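Take a look at the letters that make up each chain.
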Amino acid sequence: MRSCIQRKNDVSTLILANINSEALLLKVIVQLIVIIAAARIGGWIFKKLGQPQVVGEIATGLLLGPSCFGRLNPQLSAQIFPEGTGEIFMVLGQLGLIFLMFIVGLEFDFGHLRTIGRTAAGVALAGIALPFGMGACLAWCIHSQVAAEYSLPGFVLFMATALSITAIPILGRIMMEFGITRTTLGVLTISAAAVDDAIGWMLLAAVSAAVRGSFSLLPVLQMLGWTALFIAAVFFVVRPIVCHWSQRILDDNNGVLRLVPFSIVLLLVLTSAVLTNWIGIFSIFGPFVLGASLCDQPALQKAIRLRLEDFVTAFFLPVFFTYTGLRTDIGTLDSMFLWAVCGLVVTVAIVGKVVGCGAAARLSGLSWRDSASVAIMMNTRALMGLIAVNIGRDLGVIPDTIFCIMVIMAIVTTLMTSPILRRLLRVELSGQTAG
């Protein structure tokens, strides 16, 4: 009798669990429909306005969050985006970033540095040093007013790092739309952005290690040591094996990455994410290093992107942008002082990048107009800036108000790139025609 009753209870529990999971699945599917449809519409609208599609996706994420939709119709917003699904979308967004950073690493091209390495390095270093220094000073000055309960070193370092990074994937798309990827100006800028990003990610890794190690010297040194060992292992052990294996696989399959080889690539990406997570510097760094180690393998790069890029762009990125938007509430900027801080952060971000990169380009012999074009393009932050501030928030060193301000900064610095660059290039073209 008892066993019969127990079996009935087990069956009831199983049925109830299935009902609950089906209800949760329905909520997630509805959210995905809204997110992907809104992202595509937003991207289309912004493309018509002369902006990169990704800017529309970011803006759509903000509109769907508490700053707009949640404020206009809080009941409907709560029904579409219930609190219980937040962690699911956080995980989906992080998975998207893992694969995106692998693709970003694959797109790195260090070959240009042989011909214009000194100029590109100068622009990149100036574009890191000046905004980092200005951002650190600003963060130190405002810490007691806006983040007194947060760690001062962590707050200062993450603010400075987020202001220093250039968004190379978005910059690449902008340059493609302007048709300057193969020009001297385009090659110089994308090379400088590549160096900038490499330094920026090393900074972010070092800062993450320092925060997680509570700024104690020994834990930080251990994390950095494991990171250096991981990078060496990827470049000197994993890379040769993958290059030899992939060349044979692609030759046998007419350049196509079949299901099993593609699954092996995915396992390598996920394993690299696990290792850097274990080290303590966040999962996204491992895939980036893995991708960068294979950036000179065009056949493999093409085969992977053919399989992976569109799905990441169409599915995972809108989820990440919307998740960031749902975490951003402009209503937290509820005083003139905070809006003044917001204006100051945006100004420091723009001045630091534009002056630093522009001055370095001018000192390298570029014309004023070319120097200004380089500076404006290097000022693009978008996705990379959003990743940095999300990491800072997850580590507990950036409060909600500053998170919101940094999201605004990332959007503003990206929105201004295309119209100003279009004007600069149009003036240059007019000048050449008149001459």
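Residues numbered from 1 in each chain as written. Predicted model: local features only at pLDDT ≥ 70, side-chain atom pairs only at ≥ 80, totals over all residues. Heavy atoms only, no water.

## A look at the overall build of the protein chain
Turning to step 1, where the next piece is worked out: Of regular secondary structure, the protein chain possesses 18 helices and 0 strands.
Turning to step 2, where the next piece is worked out: Out of the 435 residues in the protein chain, the part that is buried amounts to 51%.
Turning to step 3, where the next piece is worked out: Counting every atom, the protein chain has about 20200 Å² of accessible surface; 67% of that belongs to carbon and sulfur. (Helix = DSSP H or I, 4+ residues; strand = E, 2+ residues; numbered from the N terminus. Buried < 20%, exposed > 50% of the residue type's maximum accessible area, 1.4 Å probe, protein only. Areas by Shrake-Rupley, 256 points an atom, 1.4 Å probe, with all protein chains shown as cover.)

## Notes on the pattern of salt bridges
Turning to step 1, where the next piece is worked out: Scanning the model with the defined rule gives 3 salt bridges in all.
Turning to step 2, where the next piece is worked out: Of the charged contacts, one joins Arg-305 and Glu-309 as a salt bridge, the two residues approaching to 3.0 Å between their closest N and O atoms. Of this pair, Arg-305 and Glu-309 both sit in helix α13 (residues 298-327), 4 residues apart, which is roughly one turn of that helix.
Turning to step 3, where the next piece is worked out: Classification of Arg-305 by relative accessible area gives partly exposed; the value is 29%. (Salt bridge = Lys/Arg side-chain N within 4 Å of Asp/Glu carboxyl O.)

## A few points about the state of the cysteines
Turning to step 1, where the next piece is worked out: The final tally for this structure, using the stated rule, is 0 disulfides.
Turning to step 2, where the next piece is worked out: The cysteine Cys-404 is free of any disulfide, with Cys-342 supplying the nearest cysteine sulfur at 7.0 Å.
Turning to step 3, where the next piece is worked out: The exposure class assigned to Cys-404 is buried, which follows from its relative accessible area of 0%. (Disulfide = S-S within 2.5 Å.)

## Regarding empty space enclosed by the protein
Turning to step 1, where the next piece is worked out: Evaluation of the coordinates by the stated rule reveals 2 cavities of 30 Å³ or more.
Turning to step 2, where the next piece is worked out: Each pocket or cavity is described by its volume, and for the largest cavity that value is around 50 Å³.
Turning to step 3, where the next piece is worked out: Lining the largest cavity are Gln-94, Leu-97, Phe-282, Ile-284, Ile-387, Asn-390, Ile-391 and Asp-394.
Turning to step 4, where the next piece is worked out: For the lining of the largest cavity, the elements supplying multiple residues, two or more each, are α5 (86-107) and α16 (382-394).
Turning to step 5, where the next piece is worked out: When residues in the lining of the largest cavity are grouped by element, the largest group, 4 residues, is from α16.
Turning to step 6, where the next piece is worked out: Each residue belonging to the lining of the largest cavity can be placed in one class, and the counts come to 5 nonpolar, 2 polar and 1 charged.
Turning to step 7, where the next piece is worked out: Looking at the second largest cavity, the residues that line it are Phe-102, Val-242, Val-265, Leu-268, Leu-290, Leu-294, Leu-300 and Ile-304. (1 Å grid on protein atoms, 1.4 Å probe; cavity = no way out; pocket = protein on both sides within 12 Å on 5 of 7 lines; lining within 4 Å. Points joined across faces, edges and corners; volume = space filled by probe spheres on them. Nonpolar A, V, L, I, M, F, W, Y, C, P; charged D, E, K, R; others polar.)

## Digging into a nonpolar patch on the surface
Turning to step 1, where the next piece is worked out: Where nonpolar side chains cluster on the molecular surface, the patch consists of Ile-231, Phe-235, Phe-236, Val-237 and Ile-241 and spans about 500 Å² of accessible area.
Turning to step 2, where the next piece is worked out: Summarising the element assignment, Phe-235 is placed in helix α10 (residues 217-252). (Patch = residues over 30% accessible without salt bridge, like charges linked within 9 Å, V, L, I, M, F, W, Y side chains within 5 Å.)

## Some points on the packing of aromatic side chains
Turning to step 1, where the next piece is worked out: In this structure the tally under the stated criterion is 5 aromatic pairs.
Turning to step 2, where the next piece is worked out: Between the aromatic rings of Phe-311 and Phe-316, the centroid separation amounts to 5.6 Å while the plane-to-plane angle is 90°, which identifies the pairing as edge-to-face.
Turning to step 3, where the next piece is worked out: We classify Phe-311 as partly exposed; its relative accessible area is 47%.
Turning to step 4, where the next piece is worked out: Owing to a relative accessible area of 9%, Phe-316 belongs among the buried residues under this scheme.
Turning to step 5, where the next piece is worked out: Each ring, one from Phe-315 and one from Phe-316, has its centre 5.0 Å from the other, and the planes form 80°; the classification is edge-to-face. (Phe/Tyr/Trp six-rings, centres within 6.5 Å; stacked < 30°, edge-to-face > 60°.)

## With respect to the packing of helix α14 (residues 336-363) against helix α15 (residues 368-378)
Turning to step 1, where the next piece is worked out: Their axes nearest at 8 Å, the elements α14 and α15 cross at an angle of 140°. Crossing of α14 over α15 shows right-handed handedness. Across the interface between the two elements, Lys-353, Val-354, Cys-357, Gly-358, Ala-361 and Arg-362 of α14 pack against Trp-368, Ser-371, Val-374, Ala-375, Ile-376 and Met-378 of α15.
Turning to step 2, where the next piece is worked out: Per-class residue counts for the contact of α14 with α15 are 8 nonpolar, 2 polar and 2 charged. (Axes fitted to C-alpha atoms, helices over the stretch in contact; angles between N-to-C directions. Left-handed = near helix turned anticlockwise from the far one by under 90°. Contact = heavy atoms within 4.5 Å.)

## With respect to unusual backbone geometry
Turning to step 1, where the next piece is worked out: Positioned with a positive phi, Asn-254 is a non-glycine residue whose angle comes to about 55°.
Turning to step 2, where the next piece is worked out: Relative to the helices and strands, Asn-254 resides in the loop between α10 and α11 (259-279).

## Remarks on the environment of Gly-56
Turning to step 1, where the next piece is worked out: One can find Gly-56 in helix α2 (residues 53-64).
Turning to step 2, where the next piece is worked out: For Gly-56, a relative accessible area of 0% puts it in the buried group.
Turning to step 3, where the next piece is worked out: In this structure Gly-56 touches Gly-42, Gly-43 and Phe-46, once residues within four positions along its chain are discounted.

## Some remarks on the environment of Arg-239
Turning to step 1, where the next piece is worked out: Tracing the backbone through its elements, the reader meets Arg-239 in helix α10.
Turning to step 2, where the next piece is worked out: Between the alpha carbons of Arg-239 and Leu-290 there is a distance of 7.9 Å; along the sequence they are 51 residues apart.
Turning to step 3, where the next piece is worked out: The residues contacting Arg-239, other than those within four sequence positions of it, are Val-234, Ser-293, Leu-294, Asp-296 and Gln-297.

## Observations concerning the packing of α5 against α13
Turning to step 1, where the next piece is worked out: Look at α5 against α13: their axes get within 8 Å of each other, and the N-to-C directions meet at 145°. Relative to α13, the crossing made by α5 is left-handed.
Turning to step 2, where the next piece is worked out: The residue inventory of the contact of α5 with α13, partitioned by class, reads 19 nonpolar, 4 polar and 3 charged.

## Points about the side chain of Ser-272
Turning to step 1, where the next piece is worked out: Along the chain, the position of Ser-272 falls in helix α11.
Turning to step 2, where the next piece is worked out: Each residue touching Ser-272, except ones within four places of it in the same chain, is listed here: Phe-230, Gly-286, Pro-287 and Leu-290.

## Remarks on the confidence of the model for the protein chain
Turning to step 1, where the next piece is worked out: Here the protein chain averages 80 in pLDDT, while 86% of its residues score no lower than 70.
Turning to step 2, where the next piece is worked out: Contacts of residues 427-435 to residues separated by more than four positions or lying in other chains number 3 contacts, the stretch itself having pLDDT below 50. (pLDDT = per-residue confidence, 0-100.)

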